[in-house]
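Close look at the chain arrangement
Below are the chains, spelled out letter by letter.
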Amino acid sequence: QVQLVESGGGLVQAGGSLRLSCTTSGRTFNRYSMGWFRQAPGKEREFVAAITWSGGITYYADSVKGRFTISRDYAMNTVYLQMNSLKPEDTAIYYCAADSSGITLTKPRAYDYWGQGTQVTVSS
């Protein structure tokens, strides 16, 4: 099994930046596609960004395109989410996830493993 641990969340003013990190246990990190999702109170978990196992293709929700960047470091077994120009509506718990199939990466059900989440709060 794979264990994921997120970090880097916090409180930031609108227009500011944060970088989230997700460190993966095990030795098969390079064979998993990775995704970031977020969930605000009373709302469904929504897709934010994803990166294929090769790191060559990325996907973004329209709401974050141009502001967020997903990347991965194979040597560190870590996937990152750089978040710029943050807005209050970005406030949520952010989760990283790992998928071995490489299909339907914008849907939570496609992923096999999930982290515990990290809180991001953006003040106006």
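The present account deals with the structure reproduced in this document. (Residues numbered from 1 in each chain as written. Predicted model: local features only at pLDDT ≥ 70, side-chain atom pairs only at ≥ 80, totals over all residues. Heavy atoms only, no water.)

Quick look at the overall build of the protein chain
Along its length, the protein chain carries zero helices and 11 strands. Along the protein chain, helices and strands appear, N-terminal first, in the series β-β-β-β-β-β-β-β-β-β-β. Judged by the C-alpha coordinates and their principal axes, the protein chain covers about 40 × 25 × 25 Å. The buried share among the 124 residues of the protein chain stands at 43%. The contacts in the protein chain between residues at least 6 apart in sequence include a share of 56% that link residues at least 24 apart. Carbon together with sulfur atoms contributes 47% to the accessible area of the protein chain, which is approximately 6600 Å² in total. (Helix = DSSP H or I, 4+ residues; strand = E, 2+ residues; numbered from the N terminus. Buried < 20%, exposed > 50% of the residue type's maximum accessible area, 1.4 Å probe, protein only. Contact = heavy atoms within 4.5 Å. Areas by Shrake-Rupley, 256 points an atom, 1.4 Å probe, with all protein chains shown as cover.)

Side note on the nonpolar core
In summary, soluble globular proteins display a tendency toward joint burial of nonpolar side chains. Core analysis: the largest hydrophobic core is formed by 34 residues, its most contacted members being M34, W36, V48, F68, L81, M83 and Y94. Going through the elements one at a time, β3 (18–24), β4 (33–39), β5 (46–51), β7 (68–73), β8 (78–83), β9 (92–99) and β11 (118–123) are the ones with two or more residues in this core. (Core = buried A, V, L, I, M, F, W, Y, C linked by side-chain atoms within 4.5 Å.)

Examining the state of the cysteines
For the structure shown, the criterion picks out one disulfide. One disulfide in the model links C22 with C96; its S-S distance is 1.9 Å. Because the sign of the S-S torsion sets the handedness, a value of about 55° for the bond joining C22 and C96 places this disulfide among the right-handed ones. Of the two residues, C22 is situated in strand β3 and C96 in strand β9; the sequence distance between them amounts to 74 residues. The two residues C22 and C96 agree in class, both being buried. (Disulfide = S-S within 2.5 Å.)

Purely spatial values, then, with no claim about function.
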